[in-house]
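What follows is each chain in one-letter form.
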Amino acid sequence: MTIQRINPGNRLCDATIHNGVAYLAGQVPEDNSLPIAAQTQSVLDQIDSVLALAGSDKSHILSATIYLAAMADFAAMNAVWDAWLGSNGIGPARATVEARLARPEIKVEIMVTAALK
């Protein structure tokens, strides 16, 4: 079986595809100076882009892990997440945890696993 990597580097790639499943690396916002809602939207936009490159989309997400720098941002992040998913009943299995992220200005990181179309 082959393994495909999207935007591979020495340390990581944006996604690894194997056996009909795309495993996305944790996505962080492009502009870390933004408030939590804008950071979350930035991450979700990146997820949309990587999923498209992998041959998938948000309706095929199997699981998501969301890392928040502060659980105080949970409601604001969820508002953006809920708007992104819509009301189509496609919410994946999900965990949200508070964690110290790679840089203090990063408020959210999201990692997803998705089936290919």
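Given the structure is predicted, the values throughout are model-derived calculations rather than measurements.

Before going further, it helps to spend a moment on the nonpolar core. The biggest cluster of nonpolar side chains holds 26 residues, and the ones touching the most others in it are Leu24, Ile47, Trp81, Val108 and Ile110. Within the residue set of this core, elements represented by two or more residues are strand 2 (15–18), strand 3 (21–24), helix 1 (36–54), strand 4 (61–68), helix 2 (74–85) and strand 6 (108–115). Counting residues per element, this core draws most heavily on helix 1, at 7 residues. Contact partners of Ile110, with chain neighbours within four places excluded, come to Ala25, Gly26, Gln27, Val43, Leu44, Ile47, Thr65, Ile66 and Trp81.

Moving on, we get to the pattern of salt bridges. In this structure the tally under the stated criterion is 2 salt bridges. A salt bridge links Glu105 to Arg103, with the nearest nitrogen and oxygen atoms 3.2 Å apart. Given the relative accessible area of 35%, Glu105 is considered partly exposed. We classify Arg103 as partly exposed; its relative accessible area is 38%.

A rise of 1.5 Å per residue sets the reference length of helix 2, with its 12 residues, at 16 Å; its end C-alpha atoms lie 16 Å apart and thus fit the reference within 8%. Residues Met77, Asn78, Val80, Trp81, Trp84 and Leu85 constitute the buried set of helix 2. Along the long axis of helix 2, the arc covered by the buried residues comes to 165°, so they all point the same way. What points out from helix 2, more than 90 degrees from its buried face, is the exposed set Ala75 and Ala83. In this fold, the buried residues of helix 2 make contact with helix 1, strand 4, strand 5 (93–98) and strand 6.

Time to look at the environment of His60. For His60, the position within the fold is in the loop between helix 1 and strand 4. For His60, a relative accessible area of 26% puts it in the partly exposed group. C-alpha separation for the pair His60 and Val21, spaced 39 residues apart in sequence, amounts to 9.6 Å. Dropping the residues within four chain positions of it, His60 is found in contact with Thr113, Ala114, Ala115, Leu116 and Lys117. A polar side-chain atom of His60 sits 3.1 Å from a polar atom in the side chain of Ser59.

A word on the packing of aromatic side chains. All chains considered together, the criterion is met by 1 aromatic pair. Its end group placed over the ring of Trp81, Arg94 keeps NZ or CZ at 5.3 Å from the ring centre.

On to the pairing of strand 5, then. The two faces of a sheet get side chains in turn, since along a regular strand they alternate between them. Looking at chain direction, strand 4 and strand 5 are connected through 6 bridges and run parallel. Following the sheet pairing, Ser63 is matched in strand 5 by Ala93. Following the chain from strand 4 across helix 2 to the adjacent parallel strand 5, one finds a crossover that is right-handed.

Parameters at a glance
- Residues numbered from 1 in each chain as written.
- Predicted model: local features only at pLDDT ≥ 70, side-chain atom pairs only at ≥ 80, totals over all residues.
- Heavy atoms only, no water.
- Core = buried A, V, L, I, M, F, W, Y, C linked by side-chain atoms within 4.5 Å.
- Buried < 20%, exposed > 50% of the residue type's maximum accessible area, 1.4 Å probe, protein only.
- Helix = DSSP H or I, 4+ residues; strand = E, 2+ residues; numbered from the N terminus.
- Contact = heavy atoms within 4.5 Å.
- Salt bridge = Lys/Arg side-chain N within 4 Å of Asp/Glu carboxyl O.
- Expected span 1.5 Å × (residues − 1).
- Arc of directions from axis to C-beta.
- Polar contact = N/O pair within 3.5 Å; in protein donor to acceptor, adjacent residues only side chain to side chain.
- Phe/Tyr/Trp six-rings, centres within 6.5 Å; stacked < 30°, edge-to-face > 60°.
- Lys NZ or Arg CZ within 6 Å of the ring centre and 35° of its normal.
- Pairing = 2+ DSSP bridges.
- Right-handed = clockwise from strand over helix to strand, strands pointing away.

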